[in-house]
Amino acid sequence: MDYTKLSKEVSYALRHAPWEYELEIDSEGFVPIEQLIHAINESGKYNRPITINDLERIIEISDKKRHEIQGDKIRALYGHSIPMHISKQIVTPPDVLYHGTTHKAIGSVMNEGLKPMGRQYVHLSVDRETAFSVGRRRDKNPIILLIDSKKAFAEGIAFYSGNDKVYLSDGIPSEYISF
Ligand code: HQG
């Protein structure tokens, strides 16, 4: 079983295209595991039918906590781009958060702040290393931004939980960003 391929497909289905898999997604992003398994197995893309054990396995072996199973449902913890709003729990952020961005984007980010762009939320990292690896997807020498999340939160900017390394936000005005 190619778990990397399966993990990417699960992310695609849950974050970007639940309708392609005929999934009923709720306001927190959960879908019935049975529906997901059924849709993936219909495509016959893997060397055998996938089971719930395979979904548990991709969560267990992944370098990032991208998906979560609760009861008979599964969801992506972050990354959504679907039109339906996925609600996240508001949390108090750590005092400082980080975001890895590109040389190309930095001018616009410092002008207009961090925006969700193609996703529902801005994604922020708890440490520089994580921000670096996020930024490196788009720039081999990414710029690491510091977010004064303590001040932003105190002044009314909401933060939401993603996973242990990722916080989410609706947008970060440039006054809270430095690098
Ligand atoms: C940039 C992956 C211009 C922003 C990662 C980023 C993450 C702006 C890009 C998660 C901007 C959006 C999300 C502005 C932000 N003007 N550019 N005002 N504001 N940007 O992929 O944070 O492996 O949507 O800097 O690890 O890179 O898939 O967001 O470069 O956790 O699980 O616009 O996806 O996780 O890019 O990545 P993305 P991201 P997975």
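Owing to the predicted nature of the structure, the values given are computational and were not obtained by experimental measurement. (Residues numbered from 1 in each chain as written. Predicted model: local features only at pLDDT ≥ 70, side-chain atom pairs only at ≥ 80, totals over all residues. Heavy atoms only, no water.)

## Comments concerning the overall build of the chain
Stage number 1. Assigned secondary structure in the chain consists of 6 helices and 9 strands.
Stage number 2. The C-alpha atoms of the chain give a radius of gyration of 17 Å, which matches the 16 Å a tight globule of 179 residues would have.
Stage number 3. In terms of its C-alpha atoms, the chain occupies a principal-axis envelope of roughly 50 × 35 × 25 Å.
Stage number 4. A buried classification covers 45% of the 179 residues belonging to the chain.
Stage number 5. Across the chain, every contact between residues at least 6 apart in sequence was considered, and the portion connecting residues at least 24 apart equals 71%.
Stage number 6. Taken as two groups, the 23 positive and 25 negative side-chain charges of the chain have centres that lie 7 Å from each other. (Helix = DSSP H or I, 4+ residues; strand = E, 2+ residues; numbered from the N terminus. Rg over C-alpha atoms; globule rule 2.2 N^0.38 Å. Buried < 20%, exposed > 50% of the residue type's maximum accessible area, 1.4 Å probe, protein only. Contact = heavy atoms within 4.5 Å. Lys, Arg positive; Asp, Glu negative; His and termini not counted. Charge placed at Lys NZ, Arg CZ, Asp CG, Glu CD.)

## Here we look at the pattern of salt bridges
Stage number 1. Under the counting rule described, the total for this entry stands at 5 salt bridges.
Stage number 2. Two residues, aspartate 54 and arginine 48, come together in a salt bridge whose shortest N-O distance is 2.9 Å.
Stage number 3. Judged by relative accessible area, aspartate 54 falls into the buried class, the value being 3%.
Stage number 4. Aspartate 63 is the partner of arginine 66 in a salt bridge, and the nearest nitrogen-oxygen pair spans 3.6 Å.
Stage number 5. Classification of aspartate 63 by relative accessible area gives exposed; the value is 68%. (Salt bridge = Lys/Arg side-chain N within 4 Å of Asp/Glu carboxyl O.)

Function-wise, these values are silent; they only describe arrangement.
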